[in-house]
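Architecture and fold: a report
As a plain string of letters, each chain reads:
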Amino acid sequence: MVATLVRLRFLVLGNGLRRSPWQLVAFIFGVLYGLGALTGIGFGLLALSAAPLEIARTVVVIAGSVVVLAWILVPMFAAGIDQTLDTSRLVTFPIPLNTLLAALGASAILGIPGIITVLASIATAGTWWRQPGVAVVAILCGLVGALTCIAASRTVSTIASTVASGRRFREVAGVLVLIPLILLGPIISSAAQGIRTAADALPRVADTLAWTPLGAIWAVPSDLAGGDAASAALHALIGAATLVVLVFAWRLSLAVALITPPHAATRSERHRSTGLLGIAPATVWGAIAARSLIYWFRDPRYLRQLILIPLIPALLVLYSNIFHNPGLLIIAGPVVAFLLSLSIFADISFDGTAFATHLAAAVRGADDRLGRAVALAVFGLPAIVVVILVTAFISDTWAAVPATLGISLGTFLTGLGVSSVTSARLVLPVPAAGDSPFKSPQGANLTNSLATFVAWGILILLVLPELALTIVNLITGDVVWGWASLVVGVALGLVLVSVGIRIGGRVLDARGVDLLAQLRRAR
Amino acid sequence: MAEKESFPSGSSSPDRSSGADAAGTSAPLAAAPLAAAPLAAPAPAPAAPGGSALSIRGLRKVFGSKVAVDGVDLEVPSGSFYGLVGPNGAGKTTTLSMATGLLRPDAGTALVHGVDVWQQPLEAKRLIGILADGVRLFDRLTGEQLVSYSGMLSGMSRETVTERAADLLRLLDLTEASSTLVVDYSAGMTKKIALACALIHAPRLLVLDEPFESVDPVSAANIRDLLHGYVDSGGTVIVSSHAMDLVQRMCDHVAIIAAGRVLAAGTIDEVRDGAELEDRFVDLVGGRHHAEGPAWLRLS
């Protein structure tokens, strides 16, 4: 039975790869990436054997703890990762609980992350090759550690899928996790500075971790190598107990999950009856604008793009502090305008087949384009102005405000025009409504980034006039150029956005049906 | 006559709001059993009482190497309640998608009350209400918002939309759920809200792909009443379904379609030819096995 389920896992993987060449490409990249990471880890661990005992211990314990933590955290937010053997789909089969446990564990180990973790954990033996006895213990501890990772991750994901099958929870969690991810860069660079001064503290961190379930098992070989048999025994005990407890917790959560149908906890929310649709102009484009706005604030796939508005200034404030260069803040407005206006560059992909509603009602392309652009402009324009004023206040660069307003508004309006055309042509693979925003269809990234870069290039070309004026202002310091940038930016932007809506509308009129056919296939 | 009034032709970009207002006010307070004035179809064209609501000629669609629809001809008389039946994968959904302007045919034409769906899509689609199978809805809207959205997309005034949306939600037993997000609806409720979206602009032709799938019996009966009232007031309904006895009881015309071809079409009595529709269907389509099943499945 275990073998059957593991074979099923590979069958699903194989069929997926056969269906889409892009998925195959993504898979091959994943394998190559894994091999590269594994080689790097292996050489690193071998090199540690030449290092003093304390450093080797610190690195292995901290790295091991981080790996365990990662295995716990990732499935919490990315429910889409390796659900090939989805418990909820196996519910109907009479599989004994222990068999199911073994099968799920085996198939988790046999994924790319599982294989890498197991091999890397065993490779910790390389650090202790000079003491063969310790190396053998390291192999055993590595196996226990890797199994701990998998048991912890499966426990967490089983509990999460039972407790948190509520749609709202997944949506909020999916958006919130982005904030630390985006801030990761500055956090690491400021942390790196801290670490450089506080490198002495790390061994103590490792010693502490060694007494927690996260790091205990990784500390055993170094205890032995240092001759501290008592600590080694205690750490081994903690590590083994952790694994046993986790397996029991996993077994228990699986038993509960098997008799708790998913989505049973869906709690329906009530909303004011017509809301924005009752306020918007009673026209076709007005209705579309209202619907888009509702989606901007209710659909996590849109919401996570909204986070960019506060996040980019925050990032720049951090960087400008790190590099002691407040001038960096000037680009906050233009960057927000740039990214926000292009965030709808494949808007119809986000509709999915719901776009059929527009086709069935014979909505004219220009109305469709106008509505979507208006929705974004309603909150985008004020947001950009606020970003510019706030960053000008923080960095005290009021003289540059006309110029930054010019380039930002010009970029935003032009970007809306570009998006109006591109989204009438492009259907990109995006997560379906209701899926985790992270659950990007496999192989989507390559096509998506290519299309994104083309749109970026076009937009940069189209805003060259106001960009040039802004740069002249910043170099000469003469505000006249800034005011010129504002006038040119707004005027040119308005022209380009109306041209974009008209062209995009015509394209959509001609190609709407083909887009729907593509959307059906992409499902 | 009525058609000319409501839907000014000859203009490539007709004024949407005035056209739809005309459609709204021209809807007669018909003697439909449900007295749902806004739901009654616009005045039937008296000039052409026996005309076709939908006329399909040689529709054909090939997906890759599979011929999904292979030259379908269909005449749906105005004022008829037309059933479209066929086995899974027969091409029903593909045919209806092409007839309503949602899927480009490889060949063939579709006329709705004489308007070519692919030559004059704006004019044609205003005459049609569609419940498409296998497409999503904008399900982050509440039920009431979704119905209102469909109405506003058809260019109707806010007052008309509000009034009709309330009527439809009441008729389809959805008033309770009107402020719940559609994504939280059950499958049957989702079908019903999609039906409301298809009805709100009072189309002259209603194309419903599997409208009764997962709808509870009470709601199904209510929907049947609603549709009969609509047909009695001059509207035309096309439903696709697997439920033969439902089609036999509900429809007055039927077409049996299999492997992308029409095997039989006409009034129910013509097609069933004295037999039960289901038996006739099985005869025509074939593939019925007369075996008792494998020995291991016989439990005693």
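Residues numbered from 1 in each chain as written. Chains lettered and ligands numbered in written order. Predicted model: local features only at pLDDT ≥ 70, side-chain atom pairs only at ≥ 80, totals over all residues. Heavy atoms only, no water.

Naming follows an unreviewed UniProt entry, where chain A appears as Transporter of Naasia lichenicola.

**Looking at the overall build of chain B**
Within chain B one finds 11 helices and 10 strands. Looking at chain B residue by residue over its 300 residues, the buried ones come to 55%. A sequence separation of at least 24 residues applies to 67% of the contacts in chain B between residues at least 6 apart. Accessible area for chain B stands at about 12,300 Å²; split by element, carbon and sulfur atoms hold 53% of it. (Helix = DSSP H or I, 4+ residues; strand = E, 2+ residues; numbered from the N terminus. Buried < 20%, exposed > 50% of the residue type's maximum accessible area, 1.4 Å probe, protein only. Contact = heavy atoms within 4.5 Å. Areas by Shrake-Rupley, 256 points an atom, 1.4 Å probe, with all protein chains shown as cover.)

**Digging into the overall build of chain A**
The secondary structure content of chain A amounts to 24 helices and 0 strands. Within the span of chain A, comprising 523 residues, buried residues form 47% of the whole. Put simply, 79% of the contacts in chain A that link residues at least 6 apart link residues at least 24 apart.

**Concerning the sheet that holds strand β4 (residues 107-112) of chain B**
Residue and element names in this part refer to chain B. The 4 strands lie next to each other as β2-β1-β4-β5, forming an open sheet whose pairing is antiparallel. At either end of the open sheet lies a strand with only one pairing partner, and these are β2 (66-77) and β5 (115-116). Both strand β1 (residues 52-63) and β4 contribute to a ladder of 5 bridges, which runs antiparallel. Bridged to R57 within β4 is T109. Strands β1, β2 and β4 of the sheet are contacted by helix α3 (residues 92-99), whose axis makes an angle of about 120 degrees with β1. (Pairing = 2+ DSSP bridges. Axes fitted to C-alpha atoms, helices over the stretch in contact; angles between N-to-C directions.)

**Focus: the packing of helix α17 (residues 332-342) of chain A against helix α21 (residues 401-425) of chain A**
Packed helix pairs are characterised by how far apart their axes lie and by the angle those axes make with each other. Residue and element names in this part refer to chain A. The interhelical angle for the contact between α17 and α21, taken along N-to-C directions, is 10 degrees, at an axis separation of 8 Å. With respect to each other, α17 and α21 are oriented roughly parallel. Across from G333, P334, A337, F338, L340, S341 and L342 in α17, the residues of α21 making contact are I407, S408, T411, F412, G415, L416, V418 and S419. The residue makeup of the contact of α17 with α21, split by class, is 9 nonpolar, 6 polar and no charged. (Parallel < 35°, antiparallel > 145°, perpendicular 65-115°, else oblique. Nonpolar A, V, L, I, M, F, W, Y, C, P; charged D, E, K, R; others polar.)

**A word on the pattern of salt bridges**
Inspection of every chain in the model, using the stated rule, returns 18 salt bridges over all chains. The residue K191 of chain B makes a salt bridge to D133 of chain B at a minimum N-O spacing of 3.2 Å. Here K191 of chain B, found in helix α7 (residues 187-199), pairs with D133 of chain B, found in the loop between β6 (128-131) and α5 (143-153); they are 58 residues apart in sequence, far enough to count as distant. With a closest N to O distance of 3.8 Å, R140 of chain B and D139 of chain B form a salt bridge. For R140 of chain B, a relative accessible area of 0% translates into the label buried. Judged by its relative accessible area of 12%, D139 of chain B is buried. It is possible to trace a salt-bridge network through shared partners that takes in R291, D347, D351, D368, R369 and R372 of chain A. (Salt bridge = Lys/Arg side-chain N within 4 Å of Asp/Glu carboxyl O.)

**Here we look at the pairing of strand β7 (residues 205-209) of chain B**
Residue and element names in this part refer to chain B. Counting buried positions over the 5 residues of β7 gives 5, a clear majority of the element. The pairing of β6 with β7 spans 4 bridges and is parallel. Bridging across to β7, G129 finds its partner in L206. When β7 meets strand β8 (residues 236-241), the two strands line up parallel, connected through 5 bridges. Following the sheet pairing, L205 is matched in β8 by T236.

**Looking at the nonpolar core**
Among the nonpolar cores identified, the biggest contains 109 residues, and V147, I193 and V237 of chain B are the most heavily contacted of them. Once residues within four sequence positions are removed from consideration, V147 of chain B is found in contact with A165, L168, L169, I193, A196, C197 and I200 of chain B. Within the second largest apolar cluster, 42 residues are counted, among which are A356, V427 and V513 of chain A together with A99 of chain B. (Core = buried A, V, L, I, M, F, W, Y, C linked by side-chain atoms within 4.5 Å.)

**Things to note about the packing of aromatic side chains**
Tallied over the entire structure, the rule returns 9 aromatic pairs over all chains. Ring plane angle 80 degrees and centroid distance 5.6 Å describe the contact between F453 of chain A and W456 of chain A, whose orientation is recorded as edge-to-face. Placement of both F453 of chain A and W456 of chain A in helix α22 (residues 444-462) is noted, with a separation of 3 residues, approximately one turn of the helix. You can call F453 of chain A exposed: its relative accessible area is 54%. Ring geometry for F138 of chain B against Y149 of chain B: centres 5.6 Å apart, planes inclined by 90 degrees, an arrangement best described as edge-to-face. With a gap of 11 residues between them, F138 of chain B in the loop between β6 and α5 and Y149 of chain B in helix α5 connect regions that are remote in the sequence. Y149 of chain B shares its class with F138 of chain B; the two are buried. Here a set of aromatic residues connected by ring pairs shows up, and it is made of Y295, W296, F297, Y302, F350 and F379 of chain A together with F138 and Y149 of chain B. (Phe/Tyr/Trp six-rings, centres within 6.5 Å; stacked < 30°, edge-to-face > 60°.)

**Focus: α3 of chain B**
All names here are of chain B. Within α3, 7 of the 8 residues are buried, leaving the element largely enclosed by the surrounding structure. Among the residues of α3, K92, T94, T95, L96, S97, M98 and A99 are the ones counted as buried. Immediately downstream of α3, the backbone of G101 shows phi near 85 degrees, a positive value.

**Notes on unusual backbone geometry**
All names here are of chain B. Look at A202: it is not a glycine, yet its phi comes out positive at around 50 degrees. Phi at A259 is positive, roughly 50 degrees, even though this residue is not glycine. Turning to its location among the elements, A259 is positioned in the loop between β9 (253-258) and β10 (261-267).

**Let's talk about the interface of chain B and chain A**
Listed as interface residues are 39 residues of chain B and, on the opposing side, 51 residues of chain A. Of the roughly 4,000 Å² buried where chain B meets chain A, counting both sides, 56% is carbon and sulfur surface. The three residues of chain B that bury the most area against chain A are R136, F138 and R140 of chain B, which together make up 21% of that side's buried surface. Here R104 of chain B and D514 of chain A are joined by a salt bridge, their closest N and O atoms 3.0 Å apart. Connecting chain B to chain A are 12 residue pairs in polar contact (both at pLDDT 80 or more). Among the elements of the structure, α4 (121-127) and α5 of chain B are those that each provide at least two residues to the side of chain B that touches chain A. (Buried area = accessible area lost by both parts, 1.4 Å probe. Polar contact = N/O pair within 3.5 Å; in protein donor to acceptor, adjacent residues only side chain to side chain.)

**Here's the deal with the confidence of the model for chain B**
For chain B, per-residue confidence averages 82 on the pLDDT scale, and residues scoring 70 or more make up 83% of the total. Segment residues 1-49 of chain B is flagged for pLDDT under 50; beyond a separation of four residues in sequence, or across chains, it makes 81 contacts in the model. (pLDDT = per-residue confidence, 0-100.)

**Points about a negative patch on the surface**
Residues and elements named next belong to chain B. The grouping of D245, E276, E278, D279 and D283 at the surface amounts to a negative patch. When residues in the negative patch are grouped by element, the largest group, 3 residues, is from helix α11 (residues 277-285). For D279, the position within the fold is in helix α11. We classify D279 as partly exposed; its relative accessible area is 44%. (Patch = residues over 30% accessible without salt bridge, like charges linked within 9 Å, V, L, I, M, F, W, Y side chains within 5 Å. Lys, Arg positive; Asp, Glu negative; His and termini not counted. Charge placed at Lys NZ, Arg CZ, Asp CG, Glu CD.)

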